[in-house]
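The residues making up each chain are set out below.
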Amino acid sequence: MVWGTIIAAYLFLAGLSAGAFLTSSYAARRYPEAKTVRFVGRLISPILMGIGLLLLIVDAEAGLKDPLRFIYLFTNFSSVMTIGTYFISFFMMAAAYIALMELLKKDTSKIVEYVGIIFAVATAIYTGFLIGVIGAVPLWNTAILPILFVVSAFSTGIAGTMLVSAIMDKKVVHMVMSIKKIHLTLLVAEVLLIFTMFLITSSTNESAAQSVSMILSGEYSILFWLGLVVVGLIVPIAIEALELWNSKKLHHTPAGLEVAASGSHGIAATMITESAVLAGGFILRYLLLAAAVPVIFL
Amino acid sequence: MARYGMVIDTRKCVGCYACRVSCQMQNELPVEESYIKFYEKETGVFPNVKNEIIPVQCQHCEDAPCVSVCPTKATYTTKEGIVLVDADKCIGCKYCMVACHYGARTQDHNTGVVEKCRFCAELVAEGKQPACVSTCISNARIFGDLDDPNSEVSKAIVKMNAQPLRPDLGKAKIYYVR
Amino acid sequence: MVETKLSRRGFIKASAATAALASAGTVGFNEWSKNYVKAGANAVVKEIPSTCNACSSKCGMIGHVKNGRLWKLTGHPDHPYSKGKLCARGHGYATVVYSKDRLTQPLKRIGEKKFEPISWEQAYREIAEKLNKIIKAHGPQSVALTEDPRASGKFYSPRFINALGSANYYTHHVVCSNARDAGFLHTVGVTATSADISNAKYIMFIGRSYGDGIRPSSVQSLASAKDNGAKIVIVDPRLNNTGNLATEWLAIRPGTDLALVLAMSHVLIKENLHDMEFIKNFTVGFEEYAQELKKYTPEWAEGITGIPADAITRIATDMGKAKPKALIEQSWRGAFGCNYENSTETGRAVAMFNALLGNYQQKGGSIFGGKPTLGKLDKAKHPSPKEPEVPKAGSKEFPIAYPENGVATIVAKEALEGKMKAAIYYHSNAALGYGNPKVMKEALSKMDLVVAIDVQMSETAQLAHYVLPEVTYIERDEVIEGLSGKVPGIALRQQMVDKVHPETKPIHEIYTELAKACGVGQYFNFTLDELNETMLAPTGITYKQLREKGTIMFPNEEITIGELPKLKTPSGKVEFYSETYKAAGFKPIVEWIEPKVSPADDSFRLITGKQAIHSHTQTANIPILMQITKDYDLERIWINPVRAKALGIKDGDMVELKSSEATSKIRVKVTERIHPEAIFVPSHYGITSKDLKTGYGVGFGYMEHVPFDFEKWSGSGNIHEVIVKVRKVNG
Ligand SMILES: Nc1nc2c(c(=O)[nH]1)N[C@H]1C(S)=C(S)[C@@H](COP(=O)(O)OP(=O)(O)OC[C@H]3O[C@@H](n4cnc5c(=O)[nH]c(N)nc54)[C@H](O)[C@@H]3O)O[C@H]1N2
Ligand SMILES: Nc1nc2c(c(=O)[nH]1)N[C@H]1C(S)=C(S)[C@@H](COP(=O)(O)OP(=O)(O)OC[C@H]3O[C@@H](n4cnc5c(=O)[nH]c(N)nc54)[C@H](O)[C@@H]3O)O[C@H]1N2
Ligand code: SF4
Ligand code: SF4
Ligand code: SF4
Ligand code: SF4
Ligand code: SF4
Ligand SMILES: [Mo]
C-alpha cells in the first residue's frame with residue numbers, strides 16, 4: 001500500500017469539502033430560509049479542505065521536512081496533482097472568502113460564489129482523476145471512477161452539511177426535503193456505479209480482477225460488505241427512503257407539518273444516516289487504495 | 001547524443017544480489033532501501049522444474065508515467081533518456097510510486113525523498129559502467145548506447161531478441177532476455 | 001554528456017564534525033550514509049587495492065575510500081578470482097569495519113557469558129602463564145590452534161603453535177572439504193584440482209553450485225561456457241541457483257552420488273570411451289578398479305540414486321565422447337566435502353572418473369595449477385621452531401585425512417576426554433560451525449584455557465576465557481598471498497582506512513607479542529614488512545609496486561597445457577589402487593558405501609548449503625546483507641509440495657523440525673525445486689550470541705541437529721547424516 005489511510009482521508013475530505021460547498025450554494029438558492037444549512041456548508045468546506053491539505057502535507061515526508069518545496073507543486077501541468085493543486089487553491093480561496101463573509105454576516109460576491117462552485121466541482125472531479133489516470137493500477141484506471149468519486153463527493157458533502165446542521169438546528173433538516181431526495185438518488189447511483197465498475201474492470205483485467213476479489217471475497221470483504229455496502233449505503237438508503245415516504249405523509253396533514261417543523265422527530269435518523277454516509281465515503285476511498293493491485297509485469 | 005539502455009539476461013542471472021548491494025554502496029543508500037528488486041518464477045513439477053530470477057529496477061521508460069505525474073518536476077528525463085529525481089525538489093508525495101508500472105521506486109524514510117535507479121549517471125558521465133553492471137558475476141547485464149547499432153548492448157538486443165518486460169506498456173530502456 | 005543534476009540528498013561537506021564521527025567509528029554505515037551522501041567537489045576519493053575477506057576466495061578488490069572512510073568496493077580486474085567483479089558479500093561484508101557490534105578491547109571472562117575489559121599486557125601475561133603451565137603439566141600436545149586459513153594466519157598460526165612445541169594446528173576443513181580433500185589427495189596427489197570451465201564442452205557439477213557458493217570468476221567462466229554451447233549438468237537434490245546456467249538437472253537422492261559416479265565410470269569402460277593412452281601412461285591399478293566397477297551398472301545405480309539408468313548411460317557416454325573437454329568439477333563442500341559416511345570415497349571416485357576421461361592438465365579439463373616462487377626467511381637470522389615431537393592429535397585415528405589441515409574436531413573430542421587442555425581459535429567460529437554446538441560448548445568448557453581472536457563476539461568467543469580483538473581486514477596489512485592456477489600470481493591485503501578502535505590489533509602483531517610473552521619471541525624476530533620483502537625477493541617485484549597494484553600475475557610462469565606434472569602420490573601417478581589406503585586398513589579400491597542413516601516414509605534427510613549473500617556464520621550480523629534475508633524470507637527451509645501437502649503444510653507456514661539432537665521452529669518455502677526426501681536448510685543462520693544484534697534470532701543453525709561425529713576415512717563431520725521430522729505448528 002503506497003498510498004494509505006492518510007491519502008484516503010485526504011481524498012475523502014476534499015470530496016466532502018467540495019460537496020459541502022455545493023450543498024450550501026444549493027441551499028442558499030433553493031431554501032433561503034434554511035440559513036443553518038447554508039452557514040454550515042460554507043463554514044465546513046474550507047475547514048475540511050484545510051485539514052485534507054494538512055494530511056497531504058504530512059504524508060509528503062520530504063516536503064514536510066522542507067516546506068518551501070511545496071511551491072514546486074504548481075509547476076508540472078501534465079500532472080493531475082498540479083492541476084488539482086490549482087483547483088484546490090482557487091476553491092479554497094473562494095470558499096474561505098465566502099466563509100469569512102458568512103461569519104462577518106456580509107453579502108457575498110456572486111462572482112466569487114460561481115468561481116467557488118466551478119472549482120468545487122473541479123476539485124471533486126480531481127480526486128477521482130488523481131487516481132483514475134494511473135495506468136499502473138487497473139482497478140482505478142476506468143472512466144467510471146471519476147464519476148463515482150464525484151457522486152460520492154456530493155453525497156458525503158450533503159451528509160456532512162446535514163449532520164452538522166442537524167446538531168445546530170433540529171428543525172432545519174426538514175425544511176430541505178429536495179436535498180434529501182438528491183441524496184437518496186446519489187446513494188442509489190453510487191451502488192450502481194461501484195458494482196458496474198467492479199464488473200467492467202474485473203472482466204477486462206487480471207490485476208483488477210484480483211483487486212475486486214480482494215474486496216468482494218478477500219481480505220477486505222468484511223470492510224466492504226459490512227462497512228461500505230451495509231452501513232455506508234443500504235442503511236442510509238433505507239432510512240432516507242423511509243423518511244421521505246413518511247415526510248410525504250406528514251406533509252399532507254397540518255398536524256404532521258407541525259410535528260415536522262418542531263423538529264422533535266427524525267433527528268436521530270438523520271444523525272445515523274449522515275454519519276453512516278460519511279463512514280461509507282471514507283471506506284470507499286480506503287478500499288480503493290488498499291486493494292490497488294498493480295499491473296502484472298513479469 | 002547517446003541514449004543509454006541495458007540488457008538483463010535472466011537465463012544467466014543466478015540471483016546473487018551482488019548488483020543490489022553494489023548499487024546500495026555506490027549510491028550510499030540505507031540498508032533497507034534498494035533500487036533493485038528480485039522476482040522469482042518457478043514453473044514445472046519436480047523434477048522437471050525451471051526457476052527464473054528477474055531483477056527489476058527502474059526501466060527508464062520513454063514517456064515515463066512517473067515524469068508526467070510528478071507535480072513538482074522533481075522527476076525528469078535527461079537528454080540521454082535517463083530518468084532522474086532531483087532530490088531537492090521532491091516533496092515525497094509518492095504519486096510517482098503509484099504511477100510506476102514496475103514498482104521501481106522506493107522512499108528513503110530518512111529524507112522522505114522518493115528515489116530509484118539512476119543508471120549510475122555519475123559513473124556513466126565518467127565513461128564508466130553502472131555499478132550493477134560492472135559487478136554482475138554472471139555477465140547477465142550489458143549497458144551502453146541504444147542509438148549506436150554497434151554498441152554491445154544494441155548487438156545483444158538484436159542477437160538475443162531482448163524485449164522490455166511489458167512492451168505493450170510503452171517503450172522502456174531495459175531489455176530482458178527470458 | 002550526462003546532465004548531472006543529480007541528487008545531493010543530505011550532502012554535507014566534509015566538516016570537522018563528520019570527520020570526527022568517522023574516526024571515532026561511532027556511526028554505523030547506515031547512519032553515515034544519511035549524513036554523508038554524494039561525493040562533493042571537496043571529497044577526496046582514494047583507491048586502494050587489497051583482497052576481500054568475506055570468504056576463503058579472498059578475491060582481489062579495490063577499496064574506494066572517501067575522506068578517509070570506506071565508501072564502496074569494486075572487483076580487482078587482474079585478480080583471477082574476482083576478474084573485476086565482487087559478489088554481494090564482497091561488497092557488503094566490508095561494512096563490518098563500522099559495525100556497532102565489534103570487539104574493541106581485550107576481554108577476560110569473569111563468569112558465564114560475563115567479561116571484563118583488560119589491557120593487552122594483562123591478556124598476554126595471563127594467557128602466556130596459563131599456556132606455559134598447561135604445557136609443563138600436560139605436554140605441548142595438550143594445546144591446539146584452529147583457524148580459517150587466511151594469508152597472515154597461514155604463516156603465523158602454525159609457526160606460533162609449533163613454537164610452543166605443539167603440532168596441533170587445524171583448519172576449518174573438517175566441516176568443509178576434508179572428505180573430498182582426502183579422496184583427491186590419495187588419488188591425484190592434491191586436495192583439489194581446478195577446472196578449466198570456460199573451455200569445457202561437458203561439465204558435471206555434483207553438489208557444487210557456482211551461483212550460491214560463489215567465486216565471481218567461476219560464475220563468469222560458466223556463463224561463457226554456456227555461451228559456447230557447453231552441456232552443463234547439475235547433480236543436486238535441489239535445483240540450486242546455478243540451475244539457470246545449466247542444461248540439465250539431475251535430482252539425485254541425497255547421499256548417493258557415489259553410486260552415480262561408479263555407474264558412470266562403469267559405462268565409460270563398458271562403452272570403451274575411457275582414455276586408454278592416459279591410463280597406461282599416468283595411472284596405476286586400473287585393472288583391479290575396472291574389475292570392481294563391473295557390478296556398478298546404471299540399473300543398479302538407478303535403484304539407489306533415483307536417476308534413470310538411461311540418463312546415466314547417456315550422460316556418461318556423451319562425456320566420454322566429449323573427452324578430454326569433459327569433466328566432473330572437483331566440487332567443494334556440498335555433496336561430498338564433509339557430509340556422508342561415503343564422502344571420501346565419492347571424492348576418490350570423482351578424481352578417478354576424470355582420469356578415465358584423461359582430462360588432467362588438458363584444455364577444458366582438470367588442472368593442476370602452478371605456484372609462484374616466493375622467498376623464505378633466512379633461517380640463520382630468523383630461526384624456525386623445531387619440529388614438534390608428538391604428532392598432530394588425530395593423525396593416528398585418521399591417517400587418510402590431509403595432514404596439513406588435520407581433523408579440527410579432534411580438539412573437542414580430546415577436550416571431552418580430558419586430554420586437550422588449551423585451545424586457540426583464530427578467525428573461526430568452531431562453537432557454532434564445526435559440530436553440534438552443545439557438544440562443542442561442553443568441550444570448550446572442559447578446557448583450562450580457550451582463547452578466541454575475532455572481530456566480533458562470536459559464539460566461540462563467548463565460550464573463551466580470553467577474547468582478543470583483531471582489527472578488521474579493512475584496517476590491516478597481511479602476509480603476501482601466493483595464487484596458484486594456470487597462471488600463478490600474488491596478491492596483497494593492505495590497510496585502507498585508519499584503525500577505527502585504538503585497542504584492536506592485527507594478527508601478526510598479536511602473535512608476535514604473545515610469542516614474546518610465552519618466551520618464544522625468538523621465532524618472531526621480524527616485522528611483517530620484512531617478511532613480505534623477503535617473500536617478494538625472487539619475483540623481482542618491489543613492495544611498492546605490489547602495494548600500488550595489489551594483484552600481480554606471472555604470465556611467464558603459465559603452466560603448459562597437455563603436460564602432466566609428476567603427481568604427489570606415492571606412485572607419482574593417478575592411483576586407482578592405493579597402497580596408502582591399504583596400509584591404513586581401508587579397501588585400496590573404491591567401492592559403494594551406504595550412507596549411515598536413511599529417512600523413512602515419515603521423515604526427511606536434512607541437507608544444507610550456501611546462500612549467495614552470506615558466508616558461514618560471519619555475515620549474519622552484517623545489516624546490509626541480513627536485510628536481503630529479511631526482504632526475501634531467505635531463512636526458510638525448503639520442502640517438496642507433495643510432502644508438504646501430506647503434512648498439511650502450506651508455503652510460509654511455521655513448522656517444527658525435530659531430530660535426535662534438537663527441535664527448531666522455522667517457516668517453510670514449499671517448492672518443486674527440492675527432492676521429496678530432503679529438507680534443505682540455508683546454512684548461515686541461527687546466531688545465538690546476543691552481542692550480534694543483527695544476526696541474533698534469525699533462523700536456526702542446522703548444526704544443532706547434527707550429531708557430533710567423525711567420518712571413518714577423513715574425520716569429517718558427516719553433517720548430512722541427519723534425519724528429521726516436520727510438523728506444522730502455530731506461530
Ligand atoms: N555465498 C557463499 N559462497 C561461498 C561460501 C559461503 O559461505 N557463502 N563459502 C565458500 C566455501 S568455504 C565453500 S566450502 C564453498 C561451498 O560451495 P558449494 O560446495 O558449492 O556449496 P554448498 O551450497 O554447500 O553445496 C552445494 C550444493 O550441494 C547440494 N547438496 C546437498 N546435499 C547433496 C547431496 O547429497 N548430493 C548432491 N549432489 N548435492 C548435494 C546443496 O543442495 C547445494 O546446492 O563456497 C564458497 N563460497
Ligand atoms: N552453521 C554453519 N556451519 C558451517 C558452515 C555454514 O555455512 N554454516 N560452513 C562450513 C564450511 S564450508 C566452512 S569452510 C566452515 C567455515 O567455518 P568458520 O571458519 O568458522 O567460518 P565462520 O563461521 O564464518 O566464522 C568465522 C569467524 O571469523 C571471524 N572473523 C571474520 N573476520 C575476521 C578477521 O578479520 N579477524 C578475525 N580474527 N576474525 C574474523 C568472524 O567474526 C567469525 O566469528 O564452516 C562450516 N560450518
Ligand atoms: S520504471 Fe517506473 S520509475 Fe522508472 S521511468 Fe518507468 S515509470 Fe518511472
Ligand atoms: S514523490 Fe517526489 S518524485 Fe515522486 S511524484 Fe512526488 S515529488 Fe515527484
Ligand atoms: S544502474 Fe546504478 S543506480 Fe541503477 S540499479 Fe544499477 S547500480 Fe543502481
Ligand atoms: S549481479 Fe547479475 S547474476 Fe547477480 S543477481 Fe544481479 S543480475 Fe543476477
Ligand atoms: S567470492 Fe565474494 S566474498 Fe568471497 S572473496 Fe570473492 S568477493 Fe569476497
Ligand atoms: Mo568451506
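Since the model is a prediction, treat every value here as computed from it, not as a measurement. (Residues numbered from 1 in each chain as written. Chains lettered and ligands numbered in written order. Predicted model: local features only at pLDDT ≥ 70, side-chain atom pairs only at ≥ 80, totals over all residues. Heavy atoms only, no water.)

1. Details of the overall build of chain B
Here is step 1 of the chain: Scanning chain B from terminus to terminus reveals six helices and nine strands.
Here is step 2 of the chain: Radius of gyration (C-alpha) of chain B: 16 Å, near the 16 Å computed for a compact globule of 178 residues.
Here is step 3 of the chain: If one aligns the C-alpha atoms of chain B with their principal axes, the spans along those axes are about 50 × 40 × 30 Å.
Here is step 4 of the chain: The 178 residues of chain B split such that 70% are buried.
Here is step 5 of the chain: In chain B, of all internal contacts separated by at least 6 residues, the share reaching a separation of at least 24 is 57%.
Here is step 6 of the chain: Accessible area of chain B: about 5,800 Å², with a carbon and sulfur share of 53%.
Here is step 7 of the chain: Charge centroids of chain B, computed over 22 positive and 21 negative side chains, lie 4 Å from each other. (Helix = DSSP H or I, 4+ residues; strand = E, 2+ residues; numbered from the N terminus. Rg over C-alpha atoms; globule rule 2.2 N^0.38 Å. Buried < 20%, exposed > 50% of the residue type's maximum accessible area, 1.4 Å probe, protein only. Contact = heavy atoms within 4.5 Å. Areas by Shrake-Rupley, 256 points an atom, 1.4 Å probe, with all protein chains shown as cover. Lys, Arg positive; Asp, Glu negative; His and termini not counted. Charge placed at Lys NZ, Arg CZ, Asp CG, Glu CD.)

2. Description of the sheet that holds strand β18 (residues 481-483) of chain C
Residues and elements named next belong to chain C.
Here is step 1 of the chain: Strand order in this open sheet of three strands is β18-β19-β20, and the pairing throughout is antiparallel. Each edge of the open sheet carries a strand with a single partner, namely β18 and β20 (551-553). Each strand axis lies, on average, 20° off the axis of its neighbour in the sheet, ignoring direction.
Here is step 2 of the chain: Bridging between strand β19 (residues 489-491) and β20 involves three bridges; their strand directions are antiparallel. Following the sheet pairing, A491 is matched in β20 by T551. (Pairing = 2+ DSSP bridges. Axes fitted to C-alpha atoms, helices over the stretch in contact; angles between N-to-C directions.)

3. Description of the UniProt feature "transmembrane region" (unreviewed entry) in chain A
Residue and element names in this part refer to chain A.
Here is step 1 of the chain: The feature "transmembrane region" (unreviewed entry), as given by UniProt, occupies residues 6-27, 39-58, 70-99, 111-137, 143-164, 184-202, 222-242 and 276-297 in the numbering adopted here.
Here is step 2 of the chain: Spanning residues 111-137, this segment combines 81% helix with 0% strand, and its end C-alpha atoms are found 39 Å apart.
Here is step 3 of the chain: Counted over residues 276-297, helix gives 68% and strand 0%. Its end C-alpha atoms are 39 Å apart. (UniProt positions renumbered as here; feature names shortened; annotations may be inferred.)

4. Side note on the interface of chain C and chain B
Here is step 1 of the chain: Contacts between chain C and chain B engage 62 residues on the former and 62 residues on the latter.
Here is step 2 of the chain: Summing the contributions of chain C and of chain B, the shared interface buries around 5,200 Å²; its carbon and sulfur component is 55%.
Here is step 3 of the chain: Viewed at the interface, chain B and chain C are joined by five salt bridges.
Here is step 4 of the chain: In this structure, the salt-bridge partner of C:R673 is B:E40, at a minimum N-O distance of 3.5 Å. (Buried area = accessible area lost by both parts, 1.4 Å probe. Salt bridge = Lys/Arg side-chain N within 4 Å of Asp/Glu carboxyl O.)

5. Some points on the site of ligand 1
Residues and elements named next belong to chain C.
Here is step 1 of the chain: Near ligand 1 there are 35 residues, and of these R208, D236, Y340, K610 and H614 occur at the shortest range.
Here is step 2 of the chain: At 2.7 Å from an oxygen atom of ligand 1 is found a side-chain nitrogen or oxygen belonging to Y340.
Here is step 3 of the chain: Between Q611 and ligand 1, the recorded distance is 2.9 Å, taken from a backbone N or O atom to a nitrogen atom.
Here is step 4 of the chain: Relative to its unbound accessible surface of 900 Å², ligand 1 loses 100% to contact with the protein. (Near = heavy atom within 4 Å. Polar contact = N/O pair within 3.5 Å; in protein donor to acceptor, adjacent residues only side chain to side chain.)

6. Quick word on the interface of chain A and chain B
Here is step 1 of the chain: Between chain A and chain B, the contact holds 32 residues from the first and 36 residues from the second.
Here is step 2 of the chain: The junction of chain A with chain B conceals about 2,700 Å² of combined surface from both sides, 61% of it contributed by carbon and sulfur atoms.
Here is step 3 of the chain: For the interface between chain A and chain B, the tally reads one salt bridge.
Here is step 4 of the chain: Across the salt bridge formed by A:D59 and B:K94, the nearest N and O atoms sit 3.2 Å from each other.
Here is step 5 of the chain: Between the two partners, chain A and chain B, sit 21 residue pairs in polar contact (both at pLDDT 80 or more).
Here is step 6 of the chain: Elements that contribute at least two residues to the side of chain A that touches chain B include exactly α3 (61-65), α4 (80-103) and α5 (110-132) of chain A.
Here is step 7 of the chain: In terms of residue count, α3(A) provides more of the side of chain A that touches chain B than any other element does, four residues in total.

7. A few points about the site of ligand 2
Residue and element names in this part refer to chain C.
Here is step 1 of the chain: With respect to spatial proximity, 28 residues lie near ligand 2, and among them N429, D454, E470, T617 and S683 are the closest.
Here is step 2 of the chain: Between I453 and ligand 2, the recorded distance is 3.1 Å, taken from a backbone N or O atom to a nitrogen atom.
Here is step 3 of the chain: For ligand 2, a nitrogen atom lies 3.0 Å from a polar atom in the side chain of H616.
Here is step 4 of the chain: In the complex, the protein chains occlude 99% of the 910 Å² of accessible area that ligand 2 would expose alone.
Here is step 5 of the chain: Residues of the shell around ligand 2, tallied by class, amount to eight nonpolar, 14 polar and six charged. (Nonpolar A, V, L, I, M, F, W, Y, C, P; charged D, E, K, R; others polar.)

8. Observations concerning the sheet that holds strand β9 (residues 174-177) of chain B
Residues and elements named next belong to chain B.
Here is step 1 of the chain: On the basis of which strands lie adjacent, the open sheet formed by three strands has the order β8-β1-β9 and mixed pairing. The open sheet has two edge strands with one neighbour each: β8 (141-145) and β9. The sheet shows a mean angle of 20° between the axes of neighbouring strands, taken without regard to direction.
Here is step 2 of the chain: The pairing of strand β1 (residues 4-9) with β8 spans five bridges and is classified as antiparallel.

9. Points about the side chain of C:R476
Residue and element names in this part refer to chain C.
Here is step 1 of the chain: Topologically, R476 is positioned in the loop between β17 (466-469) and β18.
Here is step 2 of the chain: A relative accessible area of 2% places R476 in the buried class.
Here is step 3 of the chain: Among the polar contacts made by the side chain of R476, one reaches the main-chain carbonyl oxygen of V471 at a distance of 2.8 Å.
Here is step 4 of the chain: A distance of 2.7 Å separates a polar atom in the side chain of R476 from a polar atom in the side chain of E478.
Here is step 5 of the chain: Not counting residues up to four positions away in its chain, the partners in contact with R476 are N53, Y426, H427, E470, V471, R493, Q494, Q495 and P506.

10. A few points about the pattern of salt bridges
Here is step 1 of the chain: Counted under the stated rule, the structure contains 55 salt bridges over all chains.
Here is step 2 of the chain: With a shortest N-O distance of 3.7 Å, A:K180 and A:E240 are connected by a salt bridge. Residue A:K180 is located in helix α7 (residues 177-204), and its partner A:E240 is located in helix α9 (residues 221-252); the two are separated by 60 residues in the primary sequence. Each of the two residues, A:K180 as well as A:E240, counts as buried.
Here is step 3 of the chain: Between C:R727 and C:E656 there is a salt bridge; the shortest N-O distance is 3.1 Å.

11. Some words on the packing of aromatic side chains
Residues and elements named next belong to chain C.
Here is step 1 of the chain: Inspection of every chain in the model, using the stated rule, returns 47 aromatic pairs over all chains.
Here is step 2 of the chain: Each residue in the set F155, Y156, F160, Y426, Y511, F524 and F526 is aromatic and connected to the rest through ring pairs, giving one cluster.
Here is step 3 of the chain: One cation-aromatic arrangement involves R180 over F184; the distance from NZ or CZ to the ring centre is 5.9 Å.
Here is step 4 of the chain: Looking at R643, its charged tip hangs above the ring of F604, at a distance of 3.8 Å from the centre. (Phe/Tyr/Trp six-rings, centres within 6.5 Å; stacked < 30°, edge-to-face > 60°. Lys NZ or Arg CZ within 6 Å of the ring centre and 35° of its normal.)

12. Digging into unusual backbone geometry
Here is step 1 of the chain: Residue B:P47 is reached from B:F46 by a cis peptide bond, and omega for that bond is -5°.
Here is step 2 of the chain: With respect to the secondary-structure elements, B:P47 resides in the loop between β2 (37-45) and β3 (48-56).
Here is step 3 of the chain: At the junction of C:K323 and C:P324, the peptide bond is cis and its omega measures out at 0° in the coordinates.
Here is step 4 of the chain: Positive phi is not limited to glycine here, since B:N139 has a value of about 55°.

13. A short note on helix α19 (residues 528-536) of chain C
Residues and elements named next belong to chain C.
Here is step 1 of the chain: Among the residues of α19, those classed as buried are L528, L531, N532, M535 and L536. On an axial view of α19, the arc spanned by its buried residues comes to 135°, and they lie on one face.
Here is step 2 of the chain: Where α19 is buried, its residues meet α5 (151-163), β19, α18 (507-518) and α20 (543-549). (Arc of directions from axis to C-beta.)

14. Let's talk about the environment of C:T608
Residues and elements named next belong to chain C.
Here is step 1 of the chain: In this structure, T608 sits in strand β22 (residues 604-609).
Here is step 2 of the chain: Along the backbone, T608 and V219 are 389 residues apart, and their C-alpha atoms lie at a distance of 21 Å.
Here is step 3 of the chain: If sequence neighbours within four positions are ignored, T608 has contacts with R333, F680, V681, P682, S683, Y702, I719 and H720.
Here is step 4 of the chain: Of the polar contacts made by the side chain of T608, one reaches the backbone oxygen of V681; its length is 2.7 Å.

15. Describing the nonpolar core
Here is step 1 of the chain: One finds C:L70, C:I203, C:I474 and C:M496 to be the most contacted residues of the largest nonpolar core, which totals 112 residues.
Here is step 2 of the chain: Looking at which element gives the most residues to this core, the answer is helix α1 (residues 18-26) of chain B, with five residues.
Here is step 3 of the chain: Residues contacting C:M496, with those up to four places away along its chain left out, are C:I48, C:S50, C:M61, C:G63, C:V65, C:L70, C:L73 and C:I474.
Here is step 4 of the chain: Within the second largest apolar cluster, 95 residues are counted, among which are A:A27, A:L56, A:I98 and A:V151. (Core = buried A, V, L, I, M, F, W, Y, C linked by side-chain atoms within 4.5 Å.)

16. Quick look at the packing of helix α1 (residues 5-30) of chain A against α4(A)
Residue and element names in this part refer to chain A.
Here is step 1 of the chain: Put simply, α1 and α4 touch, their axes get as near as 12 Å, and they point 50° apart. Taken together, α1 and α4 sit at an angle that is classed as oblique. When you trace α1 past α4, the crossing you get is left-handed. Facing Y10, S17, A18 and F21 of α1, the residues of α4 in contact are I88, F91, A95 and I98.
Here is step 2 of the chain: Tallied by class, the residues present in the contact of α1 with α4 amount to seven nonpolar, one polar and no charged. (Parallel < 35°, antiparallel > 145°, perpendicular 65-115°, else oblique. Left-handed = near helix turned anticlockwise from the far one by under 90°.)

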